[in-house]
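An overview of the molecular structure
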Amino acid sequence: MKNVVLGMLVVGLTSPGFSQEAPEAFSTVELKNVTVSPANASYLYSSRDENTPRVVHELQEKVAKYDVTSNVRFDKKSKKSFEMIFKASNGDIIANYNRYGEILSARESFKNVVLPMEIRKKAFQGNDGWIMSGNKYVSLYQNNEITHRGYKIKLTKQNLKKDLVIDMLHNE
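These remarks concern the structure in this document. Since the model is a prediction, treat every value here as computed from it, not as a measurement.

1. A look at the sheet that holds strand S4 (residues 131–142)
As summarised here, the arrangement of the 6 strands in space is S1-S2-S3-S4-S5-S6, forming an open sheet in which the pairing is antiparallel. With one partner strand each, in any of the chains shown, strand S1 (82–88) and strand S6 (160–167) form the two edges of the open sheet. Neighbour-to-neighbour, the strand axes of the sheet open up by a mean angle of 10°, direction not taken into account. Direction of pairing for strand S2 (residues 91–97) relative to strand S3 (residues 103–111): antiparallel, over a ladder of 7 bridges. Counted as the bridge partner of Ile93 is Glu108 from S3. Along the sheet, helix H4 (residues 117–124) makes contact with S4, strand S5 (145–157) and S6, crossing S5 at roughly 50°.

Below, the structure written as structure tokens:
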């Protein structure tokens, strides 16, 4: 019995030592063409909320992470902003960068996006029997803040048509 306890004690003390060995080789993963700019974090922070469509979120990520200084047409010495257009299947973001790669302004415009639930509720409140035939999401970013964010929604009912405008900054 004494030998069994002593044997278990030896095994219990030595096995953690073997599990702590360093791996024989470490591998390094290099990511190419990916630059996360802390300067453009304010763009992401300002331009997103719970009512921003998913497709817009995805393109905003590309805009914020884009390393404009790697573009062959970019001139770091120029004091003029550098415009880039990022396209998705149903819209685009036109971003202006300064010579340090910071986003100065951005215009986001997307058609026929999947509307967030809050926007759908606002659109159909008091519009029973109407059908959405199209929509457009527009957002403007300048001076580290959103200056405009809204939806234009086209509704139809038989041969009647009407446009609804939802201003997300002024909750109209």
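2. As for the nonpolar core
Membership of the largest hydrophobic core comes to 30 residues, with the highest contact counts inside it found for Tyr43, Val63, Tyr97, Tyr151 and Ile153. Those residues in contact with Ile153 that sit more than four places away from it in its chain are Leu115, Ile119, Ala123, Met132, Gly134, Asn135, Lys162, Asp163, Leu164 and Ile166.

3. Structural notes on the packing of aromatic side chains
Following the criterion strictly, the structure yields 5 aromatic pairs and no others. Seen in terms of ring centroids, Tyr66 and Tyr97 are 6.3 Å apart; in terms of plane orientation they differ by 55°. Their pairing is tilted. In this pair, Tyr66 is assigned in the loop between helix H3 (54–65) and S1 and Tyr97 in strand S2, connecting sequence segments 31 residues apart. On the basis of relative accessible area, Tyr97 is assigned to the buried category, the value being 0%. Arranged with centres 5.5 Å apart and planes meeting at 85°, the rings of Phe74 and Phe82 form a pair that is edge-to-face. Grouping residues by exposure puts Phe74 and Phe82 together as buried. Site record: aromatic cluster; members linked through ring pairs are Tyr66, Phe86 and Tyr97. The lysine or arginine in question, Lys162, covers the ring of Trp130, its NZ or CZ lying 4.6 Å from the ring centre.

4. Re the side chain of Gln60
Topologically, Gln60 is positioned in helix H3. Those residues in contact with Gln60, other than ones at most four positions away along the chain, are Tyr43, Leu44, Ser47, Arg48, Thr52, Ile93 and Glu108.

5. Looking at unusual backbone geometry
In this structure, Asn112 is a non-glycine residue whose phi angle is positive, near 50°. Structurally, the position occupied by Asn112 is in the loop between S3 and H4. Classification of Asn112 by relative accessible area gives exposed; the value is 53%. Despite not being glycine, Asn143 has its phi angle at roughly 50°, a positive value. Positionally, Asn143 belongs in the loop between S4 and S5.

6. Considerations on H3
For H3, spanning 12 residues, the distance from its first C-alpha to its last is 17 Å, which sits close to the expected 16 Å at 1.5 Å a residue. What H3 keeps buried is the set Val56, Leu59, Gln60, Val63 and Ala64. Looking straight down H3, one finds its buried side chains confined to an arc of 140°; they lie on one side. Of the residues in H3, the exposed ones pointing more than 90 degrees away from the buried face are Arg54 and Lys62. Buried residues along H3 sit against helix H2 (41–47), S1, S2, S3 and S4.

Criteria and cut-off values
Residues numbered from 1 in each chain as written. Predicted model: local features only at pLDDT ≥ 70, side-chain atom pairs only at ≥ 80, totals over all residues. Heavy atoms only, no water. Pairing = 2+ DSSP bridges. Helix = DSSP H or I, 4+ residues; strand = E, 2+ residues; numbered from the N terminus. Axes fitted to C-alpha atoms, helices over the stretch in contact; angles between N-to-C directions. Contact = heavy atoms within 4.5 Å. Core = buried A, V, L, I, M, F, W, Y, C linked by side-chain atoms within 4.5 Å. Buried < 20%, exposed > 50% of the residue type's maximum accessible area, 1.4 Å probe, protein only. Phe/Tyr/Trp six-rings, centres within 6.5 Å; stacked < 30°, edge-to-face > 60°. Lys NZ or Arg CZ within 6 Å of the ring centre and 35° of its normal. Expected span 1.5 Å × (residues − 1). Arc of directions from axis to C-beta.

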